[in-house]
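Spelled out from the first residue to the last, the chains are:
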Amino acid sequence: SRRALRAIASQLNQSVNEDEELTTSSFASSLSALLAALKKGDRQQCAVIFVLDEFDQFTRHHKQLLLYNLLDIAQTAATPLSIVAITCHVDVMSALEKRVESRFSHRHITFLHPVTFHLYLDICRAVLEMPASFPDKKFKDEWNKDINDRLLRESKVREVLKTQHLLSYDIRELHRLLAAPICHLSEKEPFVQSRWFSMSAVQPDLSGKMTMLQGLTVVELCLLVALMRLVDNRPDHVNNFEMIFVEYCKFAEGKLHVATKVVAFKAFERLLSLKLIRWLSGKGARRSRNTPAVYRSVVLALASSQLQDALQKSGCPVELLHIAKQRGHG
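Residues numbered from 1 in each chain as written. Predicted model: local features only at pLDDT ≥ 70, side-chain atom pairs only at ≥ 80, totals over all residues. Heavy atoms only, no water.

Let's shift gears to the packing of helix α14 (residues 241-252) against helix α15 (residues 261-273). Between α14 and α15, the least distance of the axes is 11 Å, while the angle of their chain directions is 120 degrees. When the axis of α14 is compared with that of α15, the two are oblique. Considering how the two elements wind past one another, α14 and α15 form a crossing that is right-handed. Where α14 abuts α15, its residues F241, E242, I244 and F245 lie against K261, A264, F265 and F268. (Axes fitted to C-alpha atoms, helices over the stretch in contact; angles between N-to-C directions. Helix = DSSP H or I, 4+ residues; strand = E, 2+ residues; numbered from the N terminus. Parallel < 35°, antiparallel > 145°, perpendicular 65-115°, else oblique. Left-handed = near helix turned anticlockwise from the far one by under 90°. Contact = heavy atoms within 4.5 Å.)

Quick look at the structure:
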């Protein structure tokens, strides 16, 4: 876009006000002037590094002209130029035109969001704690002690954070969740209260998901319960279909009809299509195309309380209800 061109020009110490070509209303003229300025460089000069934040926005520009020309000029031996693209969209490469993609080096560095709740809780603690530079040391120490010894140990707060963690690993969403309780602080209540967390929790529209849960088969419900048991017993481990099926066979044997692995996998695929479970992204994920689906890591995409409510309303076998309630005992 033209705004990006102006930002590039100003950071390259081009005078935007004096250079008529860069202030013209024509995008093509501005781009030509910028490329001409870049081509004047040689290997004896300082290298230029472009950092394109929100890279996905650049792919939406008509014919991706800016990207094409920047990548094209970066390949010339005479111009010491590198481009670093930053985006939170993992599928951004699929949005590139063929001529742009062919000029891309395909070097990726992935910064991963925390997968485990333990790491997620550490980030929450770091956000809430006051820094060492806070001027009132006494209040800072009291505040940090209250956060660690009381607030983050309360079951209501943990339930809200667990639900948010299941819905999204995005730290920006965590910041939004924590902002509302902070706004309730006052002289009468100088410390964060757990009830404020419940009030500020993002409550997604669960009616559609609950309807889907109540329409599941017994085998599909069993697989969800099996995954829930695995998550409860080993919260920091990844799980896949094979592990879920073994857990299902273990608790169902002698109590429920045990489906064959083929039937269970069909049920597993339906749960994926309904987004009640999802493929794991981030550290420990097995997303390789060569990895069989039965070994690819998955996570439960709903809270345990939601599943418990659905089991109560679904008319599932009483044995499955008892197994779900005893999930923490493996």
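A few words on helix α7 (residues 117-128). For α7, which comprises 12 residues, the first-to-last C-alpha distance of 16 Å matches the rise-based estimate of 16 Å (1.5 Å per residue) to within 8%. Taken as a whole, α7 has its buried residues at F117, Y120, L121, C124 and L128. For α7, the angular spread of buried residues about the axis comes to 100 degrees, placing them on one side. (Expected span 1.5 Å × (residues − 1). Buried < 20%, exposed > 50% of the residue type's maximum accessible area, 1.4 Å probe, protein only. Arc of directions from axis to C-beta.)

Throughout the structure, instances matching the rule amount to 11 aromatic pairs. Where F241 meets F265, the ring centres are 5.1 Å apart and the plane angle is 80 degrees; that geometry is what we call edge-to-face. Of this pair, F241 sits in helix α14 while F265 is found in helix α15, placing the two residues 24 residues apart along the sequence. With a centroid separation of 6.2 Å and an interplanar angle of 70 degrees, the aromatic rings of F268 and W279 are classed as edge-to-face. (Phe/Tyr/Trp six-rings, centres within 6.5 Å; stacked < 30°, edge-to-face > 60°.)

Even without glycine at this site, E54 takes up a positive phi of about 50 degrees. Looking at where E54 falls in the secondary structure, it is placed in the loop between β1 (48-52) and α4 (55-58). Phi at K275 takes a positive value of approximately 65 degrees, unusual for a residue other than glycine. Checked against the element boundaries, K275 lands in the loop between α15 and β3 (277-279).

Further remarks concern the nonpolar core. In terms of nonpolar packing, the biggest core is built from 42 residues, with Y248 and F251 touching the most fellow members. The set of elements that each furnish at least two residues to this core consists of α12 (207-214), α13 (218-233), α14, α15, β4 (298-300), α16 (304-314) and α17 (318-325). The greatest single-element share of this core, amounting to 10 residues, is contributed by α13. Setting aside its immediate chain neighbours within four residues, Y248 contacts V219, C222, L223, A226, H257, V258 and A259. In terms of nonpolar packing, the next biggest core, distinct from the first, is built from 23 residues, L5, L35, F58 and V92 among them. (Core = buried A, V, L, I, M, F, W, Y, C linked by side-chain atoms within 4.5 Å.)

Right, let's get into the confidence of the model for the protein chain. The predicted model of the protein chain averages 80 in pLDDT, with 84% of residues at 70 or higher. For the stretch residues 15-21, pLDDT sits under 50, and the model shows nine contacts to residues farther than four places along the chain or on other chains. In this model, residues 283-289 is a region of pLDDT below 50 whose contacts with residues beyond four sequence positions or in other chains number 13 contacts. (pLDDT = per-residue confidence, 0-100.)

This part takes up the environment of T76. Turning to its location among the elements, T76 is positioned in the loop between α5 (65-74) and β2 (81-85). Exposure remark for T76: the relative accessible area of 33% places this residue in the partly exposed category. Taking the C-alpha atoms as reference, T76 lies 9.1 Å from K39; in sequence the two are 37 residues apart.

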